[in-house]
Amino acid sequence: MTETTHQQSPRTGDGDRSPEYRLAQNALQGLRQDLFRDPFAYRPLGRRPADGPLLRRLPARTRTAAERLPHAVVGAIALLTLMIGAVSGSEPGGDGRALLAGLLCAVPVVVTLSRPIGAFWLSLASGPLTALLNGDGSDWPWMPGSFVSHLTVLVVVALRTRPRTAVWMWAVTALYAVFGDILFGGSYYYSNGAPMLVLSAFALLLVCLWHVRHTAQQEVTAQQTVTAQERSRRTLLEERTTIARELHDVVAHHMSVVAIQAEAAPYRVENPPEELERAFATIRENAVAALTELRRILGVVRAEDYEAPDAPQPTLADLDALLVNVRDAGLTVEKVVTGAVRELPQGVELSAYRIVQEALSNSLRHAPGASARVEIGYVLGGLGVRVVNGPMPEPSLVKPSPGAGHGITGMRERVAMLDGEMTAGPTEDGGYEVAVFLPVAAVNEGDA
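Note that the coordinates shown come from a computational prediction; the quantities given were computed from them, not determined experimentally.

Student: Can you walk me through the overall build of the chain in this structure?
Tutor: Secondary structure assignment for the chain yields twelve helices and five strands. The buried share among the 448 residues of the chain stands at 32%. Only carbon and sulfur atoms are counted for the fraction: they give 59% of the accessible area of the chain, which is about 28200 Å².

The structure is reproduced here in structure tokens:
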């Protein structure tokens, strides 16, 4: 019996490659992305921001011209390379060949304003063309005009891109200089590849340092902006916390005094009427209820270890007690409920209760002596609430109390939080109406 074993060599994926291989692969990808991916894409040089301390002091017209200063500098250098390229050849400025050599030196510099990577490749290509067109055998691979042109292109493109691109441009320039000397430099007396590499290395090093410094300044500025915003936000929160604590202390103290005085007042009058005792009892109950609500809402900022009371939040089932309380305060109010009464989400119940409470409080303040009507409608898809009060009777011994409008704003915030709809405004007979619809998502039987 013979057994045959086949051994299959495992596949080597990118994850199994050596670090050197991955480093070389990343380097080639960076080279392709920086210099070969759409090199002639249109990338115009923008205006210089005129936000410096010196430029802000200039007149408007001069400041507008200063925004184009980089374009003017590049244009002046292009004109200089044109002149150098035209007069530094074997026939300096004497015929069309000299002028063409000058144009070959100036065009890459101008192209840096719109297509920086393409200008680099044009500068490399124009170097040997200029040397062959108008060279005298003394300079290779760059004629004087091409030398200035290529050095300018390297600096401008490095300023407009990023340090990695500058490194790749210098590497390609070095490769070009080496192969130019080896393959075509035999008939020339002097090779200026080494001076080009040394000068361009120093120039690109300065540009890279400028990039690093500029990036660091941007990061510091961004961090300072975030820090300032956080500091402002923290100051605002601290101020609000201080105000809330002071409000809690002051209002809680006064509400406690009101409750105590309302409880003690009937004992200071001999044989007080029943209506007076009931009125003082109502005042005390309202003061105690307001004090409890105040402590529940504002007490949480009084101390970190504050524990809110465990009393349940009011719902529409507590609406009758609210109406009794309001009637004792002197407001004639009736309640009408339509639709099938059902249990609603706690947020909807609480918001509806608070809206009715605030609307009736507004009626007491702004229309004393008027009557009110509360309508609760259980409809398909939500809950409808309508509170309307009639006009204040004339004449009236009780004057309306002014308000700041925070009650209506609070109602709108509650309604907006539940994606509901609200309208509020005066009625035709001189009263006021608040109508609210709070949507409630339907629950399918299969989801229960």
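Student: Honestly, helix α4 (residues 96-111) in this entry has me stumped. Any pointers?
Tutor: Owing to its 3.6 residues per turn, the α-helix brings residues three or four apart onto one side. Over its 16 residues, α4 extends 22 Å from the first C-alpha to the last, a length consistent with the 22 Å expected when each residue adds 1.5 Å. Those residues of α4 that sit buried are Ala98, Ala101, Gly102, Cys105, Ala106, Pro108, Val109 and Val111. Next to the buried residues of α4 lie α3 (69-87), α5 (116-134) and α6 (144-160).

Student: Any chance you could explain the confidence of the model for the chain here in plain terms?
Tutor: Low-pLDDT stretches of the model should not have their predicted coordinates read in fine detail. Taken residue by residue, the chain gives an average pLDDT of 80. The fraction at 70 or more is 79%. Note that residues 1-12 has pLDDT below 50 and, in this model, two contacts with residues that lie over four places away or in other chains. Low confidence marks residues 444-448, where pLDDT is under 50. Its contacts with residues over four positions away, or in another chain, come to zero contacts.

Student: When you look at the packing of helix α10 (residues 319-328) against helix α11 (residues 346-366) in this model, what are you seeing that I'm missing?
Tutor: Axes are the key here: two packed helices are described by the angle between their axes and the distance separating the axes. Where α10 contacts α11, the axes come no closer than 11 Å and their chain directions differ by 10°. Taken together, the axis directions place α10 and α11 in an arrangement best described as roughly parallel. Judged by residue contacts, Leu319, Leu322, Leu323 and Val326 of α10 engage Tyr353, Val356, Gln357, Leu360 and Leu364 from α11.

Student: Please explain the side chain of Thr152 as it appears in this structure.
Tutor: Relative to the assigned elements, Thr152 resides in helix α6. We classify Thr152 as buried; its relative accessible area is 12%. In terms of polar contacts, Thr152 uses its side chain to reach the backbone carbonyl oxygen of Val148, at 2.7 Å.

Student: Is there a simple way to explain the nonpolar core in this structure?
Tutor: General note: in soluble globular proteins, nonpolar side chains tend to be found buried as a group. Judged by nonpolar contacts, the single largest core of 30 residues is most densely connected at Val356, Leu360, Val374, Ile376 and Leu383. At the level of elements, α10, α11, β2 (371-379), β3 (382-389), α12 (406-417) and β5 (432-439) are the ones that each hand at least two residues to this core. Looking at this core, the element that brings in the most residues is α11, giving seven residues. For Leu383, the contacting residues outside a window of four places in its chain are Leu316, Leu344, Val348, Ala352, Ile376, Gly377, Tyr378, Val436, Phe437 and Leu438. Counting residues in each nonpolar core, the second largest holds 27 residues, with Leu31, Val157, Ala158 and Val172 among its members.

Student: What's the story with the packing of helix α1 (residues 19-36) against α5 in this structure? I'm lost.
Tutor: Packing of α1 against α5 leaves a shortest axis separation of 9 Å and a crossing angle of 90°. One finds that α1 runs roughly perpendicular with respect to α5. Contacts between α1 and α5 involve Asp34, Leu35 and Phe36 from the first element and Ile117, Phe120 and Trp121 from the second. Residues of the contact of α1 with α5, tallied by class, amount to five nonpolar, no polar and one charged.

Student: Got a minute to help me understand the sheet that holds β2 in this structure?
Tutor: A sheet is described by the order of its strands in space; here five strands give the open sequence β1-β2-β3-β5-β4, paired in mixed fashion. Among the strands making up the open sheet, the edge pair consists of β1 (332-338) and β4 (421-426). Taken over all neighbouring pairs, the strand axes of this sheet differ in orientation by 10° on average, direction set aside. In terms of strand pairing, β2 meets β3 through eight bridges, oriented antiparallel. Bridge pairing links Ala372 to Asn389 in β3. Packing against the sheet, α10 makes contact with β1 and β2, and its axis sits at approximately 160° to β1. Lying on the sheet, α11 is in contact with β1, β2, β3 and β5; it crosses β3 at an angle near 5°.

Student: I'm lost on unusual backbone geometry in this one. Help?
Tutor: Most of the time, phi is negative for any residue but glycine, and the peptide bond is trans. In this structure, Asp38 takes a positive phi of about 50° despite not being glycine. Relative to the helices and strands, Asp38 is located in the loop between α1 and α2 (60-66). We note that Asp419 has phi near 60°; this positive angle belongs to a residue other than glycine. Given a relative accessible area of 65%, Asp419 falls into the exposed group.

Student: Just checking my understanding: could you explain the pairing of β3 for this structure?
Tutor: Remember that side chains alternate between the two faces of the sheet whenever the strand is regular. Most of β3 is tucked away, with seven of its eight residues classed as buried. The turn joining β2 and β3, which pair antiparallel and follow one another in sequence, is formed by two residues; a positive phi near 95° is taken by Gly381. As judged from the eight bridges shared by β3 and β5, these two strands associate in the antiparallel manner. By the bridge assignment for β5, Val387 is matched with Val434.

Student: Would you explain the pattern of salt bridges in this entry?
Tutor: Once the charged atoms of two side chains with opposite charge are near each other, the side chains can pair. Using the criterion set out here, one finds eight salt bridges in the structure. Across the pair Arg386 and Glu433 runs a salt bridge, and its minimum N-O distance is 2.7 Å. Taken together, the positions of Arg386 in strand β3 and Glu433 in strand β5 put the pair 47 residues apart, joining distant regions of the chain. Residue Arg386 is classed as partly exposed on the basis of its relative accessible area of 27%. Salt bridges sharing common partners tie together Glu334, Arg373, Glu375, Arg386 and Glu433.

Student: Explain α6 here, please?
Tutor: The end-to-end C-alpha separation of α6 is 24 Å, in line with the 24 Å expected for 17 residues at 1.5 Å each. Listing the buried residues of α6 in full gives Gly145, Ser146, Phe147, Ser149, His150, Thr152, Val153, Leu154, Val156, Val157 and Ala158.

Student: Explain the packing of aromatic side chains here, please?
Tutor: The description of an aromatic ring pair uses the distance of the two centres, along with the angle that the planes make with each other. Counting across every chain of the model gives three aromatic pairs. An angle of 45° between the planes, with centres 5.2 Å apart, marks the rings of Phe36 and Trp121 as tilted. You can see Phe36 sitting in helix α1 and its partner Trp121 sitting in helix α5, a full 85 residues away along the chain. Overall, Phe36 belongs to the partly exposed group, its relative accessible area being 48%. On the basis of relative accessible area, Trp121 is assigned to the partly exposed category, the value being 23%. By the ring-pair criterion, three or more aromatic residues cluster together here, those being Phe36, Phe120 and Trp121.

Rules and cut-offs
Throughout this document, residue positions are counted from 1 along each chain, in the order its sequence is written. Side-chain atom pairs in this predicted model are given and counted only at pLDDT of 80 or more, local residue features only at pLDDT of at least 70, and totals for whole chains, interfaces and linings cover all residues. Based on all heavy atoms of the structure, the side-chain values leave hydrogens and waters out of the count. Strands are runs of DSSP state E lasting at least two residues, helices are runs of H or I lasting at least four, and both sets are numbered from the N terminus onward. Working definition: with a 1.4 Å probe on protein chains only, accessible area under 20% of the residue-type maximum means buried, over 50% means exposed, and in between means partly exposed. Note on areas: these come from Shrake-Rupley sampling with a 1.4 Å probe, and a residue is covered only by the protein chains present in the view. Every helix has an expected span of 1.5 Å times one less than the residues it contains. Any two residues whose heavy atoms approach within 4.5 Å at even a single point are treated as in contact. Confidence per residue, as judged by the predictor, is encoded in pLDDT with a range of 0 to 100. As a rule, the C-alpha atoms of each element are fitted with a line to give its axis, helices using only the stretch in contact, and angles between N-to-C directions run from 0 to 180 degrees. Here is the rule for angles: anything less than 35 degrees is roughly parallel, anything more than 145 is roughly antiparallel, 65 through 115 is roughly perpendicular, and the remaining ranges are oblique. As used in this structure description, the phrase polar contact means that two N or O atoms lie within 3.5 Å; if the pair is within protein, one of them must be able to donate a hydrogen and the other to accept it, and residues adjacent in sequence are counted only when both atoms belong to side chains. To form a nonpolar core, buried Ala, Val, Leu, Ile, Met, Phe, Trp, Tyr and Cys residues must be joined to one another through side-chain atoms within 4.5 Å. When residues are sorted by character, Ala, Val, Leu, Ile, Met, Phe, Trp, Tyr, Cys and Pro go into the nonpolar class, Asp, Glu, Lys and Arg into the charged class, and all the rest, Gly among them, into the polar class. Think of it this way: DSSP has to see at least two bridges between two strands before they count as a pair. A side-chain nitrogen of Lys or Arg and a carboxyl oxygen of Asp or Glu constitute a salt bridge if their distance falls within 4 Å. Only the six-membered ring of Trp is used, alongside the rings of Phe and Tyr, when aromatic pairs are assigned; centres must lie within 6.5 Å, and planes under 30 degrees apart are stacked while those over 60 apart are edge-to-face, with the rest tilted.

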